[in-house]
Amino acid sequence: MFSKLLLPVITVLATLSSITEATGRTHNGHTTAPRPTIKPYPYTTGKQFPASPRRTRHCFVDALGNGKDDSDNILAAARKCNDGGTIALMDDLYIIGKALDLTFLKHVDFDIQGTLKFVPDVAYWEANSFKFTFQGANTMILFGGEDINIFGSGKGTIDGSGQTWWDGYAKNSSIYRPMMVGVSGMKGGTWSGLRMINPPNWFNWITDSNDIIYDNIRLDVFSVNSNSPKNTDGWDTYRTDNVIVQNSIVNNTDDCFSWKPNSTNIVVQNNQCTGSHGMSIGSLGQYDGVYDLVENVLIYNTTMKNVGSAARIKVYPDINPNVPNNGMSGGGLGMVNNITYDGMHINSADWAIEVTQCYGQSNRTICTEYPSKLAIQDIWFKNFDGVASKKYDPKVATLVCSSPNVCQCIHTDNINVKPPSGKPAQHVCANLYRGFLKTLNCVDS
Ligand SMILES: *[C@@H]1O[C@H](CO)[C@@H](O)[C@H](O)[C@H]1NC(C)=O
Ligand SMILES: *[C@@H]1O[C@H](CO)[C@@H](O)[C@H](O)[C@H]1NC(C)=O
Ligand SMILES: *[C@@H]1O[C@H](CO)[C@@H](O)[C@H](O)[C@H]1NC(C)=O
Ligand SMILES: *[C@@H]1O[C@H](CO)[C@@H](O)[C@H](O)[C@H]1NC(C)=O
Ligand SMILES: *[C@@H]1O[C@H](CO)[C@@H](O)[C@H](O)[C@H]1NC(C)=O
Ligand SMILES: *[C@@H]1O[C@H](CO)[C@@H](O)[C@H](O)[C@H]1NC(C)=O
């Protein structure tokens, strides 16, 4: 009776989530970690995440030590354990001295218990990183393929040796700083229990991928001198569908999460961001004639501390870059559609909400002369609380469109972010219908 009832429940759980291994294996005094069970919570995208079958063997990589490059051995283990195995990186420190192309993966896990550290060799990475055309993105490592779980069990760390790059940037701002971890062509995957520190540029660059969950990730940057960490976005998605980022803590110097062109069905929930430029859709419409889409996004329950903007949507107006106007970009087409920011708890933000369709064009007269061809529609900002920063006091939010025709159904409700002076909060509203802006106190500029 009992087992009859229990069996179907177990079957359902097994298809919904990763299967936990019963017992660990021991190698050189370290025990393999079980693959964690990861579930979208409390919200999901409404799309399926594929089941991940149990892995049946381990490939251990022994670190060479003494600063020697471990990348060849990691690549060899990935080949050997591909299609059903787990690559176990259990020593304290692994050195990545060569560009690692891991886009051939299939049904494979990485159990990372130590630190993977990229060598800070600017000349090598400039010549050998993986290059993408979008915004000069390039990465030192690339993960791709089908059904991949990368877990750090709260111990595993990826270290980008960013200091060397920030110091280099201070001397020459043209050095070609790589993103730290690249994901390209990944179909189904989880990342969990990992800490990532000090990327030369963005932390996670995710392109042409789908069905990926990040859970319990910690991102930190810290400089030991006066050269600040440069860029350091948490996650950037591009041409990517169906992603969840949850239960993560980010302390960085640029966007916490950034939705680049063609990012769809993404839920970002229960995260904390410190020092960032916000949860940022865009910038979009940067390339003349190119169509950019961002739709079906939920940003739920975010704590924001010492940020530039908390909730941010940035779109270029329709100014052709070939027309001389201070050399700015713009002129792209597309749509930002069905975006909800629900629950922002703010401890110092210059703007609690920043919507601009005049990105790159501070002269509003020119912006409204060239309304954006990239529409912003069906947007919700609700349940915001906390205190803004002194910067624009008593203004705490700005929503500036280029024309009401291309900015429709933008809603706010229950926005309770106060300026630090204690004055009544003001919100800049331009070129959008004010009837949907509940609890705002709109001013023109
Ligand atoms: C700055 O870095 C770029 C990219 O590596 C290089 O082409 C250029 O020569 C460097 N400039 C100087 C002054 O070193
Ligand atoms: C964020 O990082 C900065 C620089 O390392 C540090 O001073 C600050 O204490 C950190 N804040 C949090 C909340 O981790
Ligand atoms: C919001 O997220 C925090 C973690 O940042 C979590 O502790 C808290 O339980 C979440 N609250 C809700 C209502 O989901
Ligand atoms: C985005 O997707 C649309 C189709 O929905 C396509 O026409 C467009 O080229 C894509 N844009 C980018 C930047 O890939
Ligand atoms: C809007 O986006 C949310 C969040 O991804 C999704 O759950 C919902 O189904 C979308 N609505 C429509 C009409 O597609
Ligand atoms: C903005 O642009 C208009 C039209 O070109 C111009 O007349 C005006 O002086 C500009 N304003 C500022 C502040 O530059």
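Residues numbered from 1 in each chain as written. Chains lettered and ligands numbered in written order. Predicted model: local features only at pLDDT ≥ 70, side-chain atom pairs only at ≥ 80, totals over all residues. Heavy atoms only, no water.

J.: Quick question: what am I supposed to make of the UniProt feature "active site" (unreviewed entry) in the chain here?
T.: Residues given the UniProt feature "active site" (unreviewed entry) here are His277. A relative accessible area of 33% places histidine 277 in the partly exposed class. Aside from chain neighbours lying at most four places away, what touches histidine 277 is Thr253, Asp254, Asp255, Gly308, Ser309 and Arg312. Polar side-chain contacts of histidine 277 include one of 3.3 Å to the backbone oxygen of threonine 253. (UniProt positions renumbered as here; feature names shortened; annotations may be inferred. Buried < 20%, exposed > 50% of the residue type's maximum accessible area, 1.4 Å probe, protein only. Contact = heavy atoms within 4.5 Å. Polar contact = N/O pair within 3.5 Å; in protein donor to acceptor, adjacent residues only side chain to side chain.)

J.: Can you walk me through the environment of serine 226 in this structure?
T.: When you line up the elements, serine 226 lands in the loop between strand S15 (218-220) and strand S16 (235-238). By relative accessible area, serine 226 is classed as exposed at 70%. (Helix = DSSP H or I, 4+ residues; strand = E, 2+ residues; numbered from the N terminus.)

J.: What am I meant to see in the nonpolar core here?
T.: Counting 93 residues, the largest nonpolar core has Phe110, Trp191, Met279, Tyr341, Phe381 and Phe384 as its most contacted members. Inspection of this core shows a minimum of three residues originating in each of domain 1 (15-232) and domain 2 (277-445). Counting nine residues, the second-largest nonpolar core is a separate cluster that includes Phe132, Phe134, Met179 and Trp205. (Core = buried A, V, L, I, M, F, W, Y, C linked by side-chain atoms within 4.5 Å. Domains from an automatic or database assignment.)

J.: Help me out: how do you make sense of the site of ligand 1 in this one?
T.: The full set of residues close to ligand 1 is Glu126, Asn172, Ser174 and Ile175. Note that an oxygen atom of ligand 1 is positioned 2.9 Å from one of the side-chain N or O atoms of glutamate 126. Here asparagine 172 contributes a side-chain N or O atom positioned 2.3 Å from an oxygen atom of ligand 1. For ligand 1, whose unbound accessible area comes to 360 Å², protein coverage reaches 32%. (Near = heavy atom within 4 Å. Areas by Shrake-Rupley, 256 points an atom, 1.4 Å probe, with all protein chains shown as cover.)

J.: Looking at this structure, I do not really get the domain arrangement of the chain. What am I missing?
T.: Much of the literature gives interface size as the accessible area that the parts lose upon coming together. Domain annotation of the chain identifies domain 1 (15-232) and domain 2 (277-445). For domain 1 and domain 2, the distance between their C-alpha centroids amounts to 33 Å. Each partner contributes residues to the interface: domain 1 has four residues there, and domain 2 has five residues. Buried surface at the junction of domain 1 and domain 2, summed over both partners, amounts to about 350 Å²; 64% is from carbon and sulfur atoms. Counting the surface domain 1 buries against domain 2, the share from its top three residues, Tyr43, Phe134 and Gln135, is 86%. Taken together, the links from domain 1 to domain 2 amount to zero salt bridges. In this structure, the connection of domain 1 to domain 2 is made through one residue pair in polar contact (both at pLDDT 80 or more). Residues that form the side of domain 1 that touches domain 2 fall into these classes: three nonpolar, one polar and no charged. (Buried area = accessible area lost by both parts, 1.4 Å probe. Salt bridge = Lys/Arg side-chain N within 4 Å of Asp/Glu carboxyl O. Nonpolar A, V, L, I, M, F, W, Y, C, P; charged D, E, K, R; others polar.)

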